[in-house]
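If you want the building blocks of each chain, they are given just below.
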Amino acid sequence: MTLAERMYLPAILGGLGITIRHFFMKKPTIQYPEVKRYLGPIFRGHHVLKRDEQGRERCTACGLCAVACPAEAISMVAAERKKGEEALYREEKYAAVYEINMLRCIFCGLCEEACPKQAVYLRHDRMVPVFTERDQVIYGKDRLVEKLDDRYIRNNPDAQATPTEPTLSRSVG
Amino acid sequence: MELTVLVIKSLVILAVFGITLLIATYSTYAERKVAAFLQDRIGPNRAGPFGLLQPIADAGKMFFKEDFIPAQANKWLFILGPCLAMLTALMSSAVIPFGDSIRYGSFEVPVQGIDVNVGVLYVFGVVSLGVYGVMIGGWASNNKFSLLGAIRAASQNISYEVALGLSIIAILMMTGSLSLRHIVNEQNGFFQWNVFTQPLGFVIFLTCAFAECNRTPFDLPECETELVGGYHTEYSSMKLGFYLFAEYINMFTSSAIISTLYFGGFQYPFMHQVHDALVDSLGSTVGHNIATGIGTAVLFGKIFFFIFFFMWVRWTIPRFRFDQLMNLGWKTLIPLSILNVVLTGAGLLFDKFKYATWLIVIVMIIMAATNAIKAPRRKPVTVPQL
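An unreviewed UniProt entry annotates chain B as NADH-quinone oxidoreductase subunit H originating from Fibrella rubiginis. Listed in UniProt under the heading Catalytic activity (unreviewed entry), the comment for chain B reads: "a quinone + NADH + 5 H(+)(in) = a quinol + NAD(+) + 4 H(+)(out)". Heading Sequence similarities (unreviewed entry) of the UniProt record for chain B holds this comment: "Belongs to the complex I subunit 1 family."

In structure tokens form, the structure reads like this:
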């Protein structure tokens, strides 16, 4: 080191200059629970069991999603559609019980790819909420099937337009 | 002593005590905020508006943690260590003149805990006692790492106290008094501030103050990689809190002492004109008291700047190695401060010239500049284009 370098002080002053510049810089922090980033149209979040245009459940309980699932998080019980239930279920066979264990799920999206009926999707606009109790972990049909008044559309034009999405900041539960 | 004087005096002492504690509390918050801002983060903002209740939450957490005393530790010394650290940290702010004086009827009470005529010596005595808190705590823990950390802290504090004392001697020679109030009064007028008469002494004092407070770049007593934790490895709960808190109180007092010794204390440019104008318009009691208040506010502004500076430096400079620390202390700062004393003395003998130490600064700048010019240029590294 030269003598000038060994005096340290010029270098220290330079360093102080650099850090004080950062002091006044705009912070990139996003205030997470209040403000959420838009994670893109292909984010894999909360599972949804889709209904078709007439509001019938699409799932036919073929079990391909359960086979595809690498974490073995999906289980289901199939049942046959009775007469008079045509408005509820699209296919002749349907899932009477459809459960996803959210502790096992790794959100890989393979169930989505495996589904031949376009029934199961991972929503891009909603995350699985944090759970604190074990009995909150297994999601049944009550929490998975799409609500008729809250249809899920993957290509949501609003979602792409806004950087922080209103649906993400709404509490899910 | 009259009762009114006693009451005002005790109020001043209580206020100084309370303000010291309050500022130390909010220094922890400020530290986290400043650290965050210097690193492009936001920092604590959950507890209360802007996270202002964060220190209270931290203190609550500290209180509710298990207060653990190791089985083989020397119990009483183990408890005494943090108490002593806290006590010595709180004691040194007693002699700092926070303002001119408060007039009340026919009384005139200085805004200062105690106006001892050996103020500087008092500060030094108390600061050297601070080593005991660390050393006793580290030894009583009966843990080799704690002891090593304590020894490191003690050797660091003792080595830097020498340079700290030597750098002040030049000021004492110029002032001819050990009283901090006298030193402040001597610095009336902007260019009479000791930072202008003693630039080198100021740099040495500042460096040593960092070392005395165990702040970065000299925070060697605490070290996770080498010492598990440092002298407070075995401490938990509020005993650890006391050690950490004592560090922040030390930071406040050393900022106050730096402002007092080098930045004119409660003096500010055109102070006398402001004082006279206030006395003329509001009367000699109220006007004088308001002028004192302005001076105190100015002093606190300086103190806050230095507290900020402590944090700013902490998040800028990486720490020294221990041998570098010792080299800097013994081989650089002590000879420089002796040179400083000699030159100041020569200047004072030769026609009371106060700015003699600028000679060292100029010589240093010239040497550094010539050295930098003569030094072989490093070839700029060419990055191959990908």
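From this point, the narrative continues.
(A) Just the overall build of chain B, in detail. The number of helices and strands found in chain B is 14 helices and two strands. For a compact globule of 386 residues, the expected C-alpha radius of gyration is about 21 Å, and chain B comes in at 23 Å, within 12% of that figure. With the C-alpha coordinates of chain B rotated into their principal frame, the extents come out at 65 × 60 × 45 Å. Per-residue burial over chain B gives 41% buried out of 386 residues.

(B) Highlighting the interface of chain A and chain B. The partner chain B presents 16 residues to the 15 residues of chain A that form the contact. Secondary structure elements with two or more residues in the side of chain A that touches chain B: α1 (3-6) and α2 (9-23) of chain A. With seven residues, the single largest contributor to the side of chain A that touches chain B is α2 of chain A. Of the residues contributing to the side of chain A that touches chain B, the split by class is nine nonpolar, five polar and one charged.

(C) Focus on the environment of F242 of chain B. Residue and element names in this part refer to chain B. Structurally, F242 can be placed in helix α10 (residues 237-262). For the pair F242 and I290, spaced 48 residues apart in sequence, the C-alpha separation works out to 36 Å. Setting aside anything within four residues of it in sequence, one finds F242 in contact with P82, A85 and M86.

(D) Geometry of the sheet that holds strand β2 (residues 74-80) of chain A. All names here are of chain A. With respect to topology, three strands assemble into an open sheet ordered β2-β3-β5, the strand pairing being antiparallel. Only two strands of the sheet have a single neighbouring strand rather than two, namely β2 and β5 (138-139). As paired strands, strand β3 (residues 93-101) and β5 are joined by two bridges and run antiparallel to one another. The residue of β5 that forms the bridge with N101 is I138.

(E) Local environment of the environment of F353 of chain B. As for its position among the elements, F353 of chain B is in the loop between α13 (322-349) and α14 (358-374). Considering only alpha carbons, one finds F353 of chain B and T197 of chain B, 156 residues apart in sequence, at a separation of 9.4 Å.

(F) Structural context of the pairing of strand β2 (residues 107-110) of chain B. Residues and elements named next belong to chain B. Pairing of strand β1 (residues 101-104) with β2 involves four bridges; the strand directions are antiparallel. Counted as the bridge partner of S101 is P110 from β2. Counting the residues between successive antiparallel strands, the hairpin from β1 to β2 contains two residues, one of them, G105, with a positive phi of roughly 65°.

(G) Representation of the nonpolar core. Ranked by size, the top nonpolar core spans 82 residues in total, and within it A163, F205, C208, I249, F252 and I258 of chain B carry the most contacts. With 14 residues, α10 of chain B is the largest single contributor of residues to this core. If we skip the residues at most four places from it in the chain, I258 of chain B touches F205, L206, A209, F263 and F306 of chain B. Ranked by size, the runner-up nonpolar core spans 20 residues in total, among them Y89, Y98, A119 and L122 of chain A.

(H) How the structure looks around the packing of helix α3 (residues 75-91) of chain B against helix α4 (residues 119-140) of chain B. All names here are of chain B. Taken N-terminus to C-terminus, the directions of α3 and α4 make an angle of 160°; their axes are 8 Å apart at the nearest point. When the axis of α3 is compared with that of α4, the two are roughly antiparallel. Helix-helix and strand crossings are classified by hand; for α3 and α4 the assignment is left-handed. Judged by residue contacts, L77, F78, L80, G81, P82, L84, A85, T88, A89 and M91 of α3 engage V126, L129, G130, Y132, G133, V134, I136, G137 and A140 from α4. Across the contact of α3 with α4, the residue classes break down as 14 nonpolar, five polar and no charged.

About the criteria used
- Residues numbered from 1 in each chain as written.
- Chains lettered and ligands numbered in written order.
- Predicted model: local features only at pLDDT ≥ 70, side-chain atom pairs only at ≥ 80, totals over all residues.
- UniProt positions renumbered as here; feature names shortened; annotations may be inferred.
- Helix = DSSP H or I, 4+ residues; strand = E, 2+ residues; numbered from the N terminus.
- Rg over C-alpha atoms; globule rule 2.2 N^0.38 Å.
- Buried ≥ 20, exposed ≤ 12 C-beta atoms within 10 Å, placed from the backbone.
- Contact = placed C-beta atoms within 7 Å.
- Nonpolar A, V, L, I, M, F, W, Y, C, P; charged D, E, K, R; others polar.
- Pairing = 2+ DSSP bridges.
- Core = buried A, V, L, I, M, F, W, Y, C linked by C-beta atoms within 7 Å.
- Axes fitted to C-alpha atoms, helices over the stretch in contact; angles between N-to-C directions.
- Parallel < 35°, antiparallel > 145°, perpendicular 65-115°, else oblique.
- Left-handed = near helix turned anticlockwise from the far one by under 90°.

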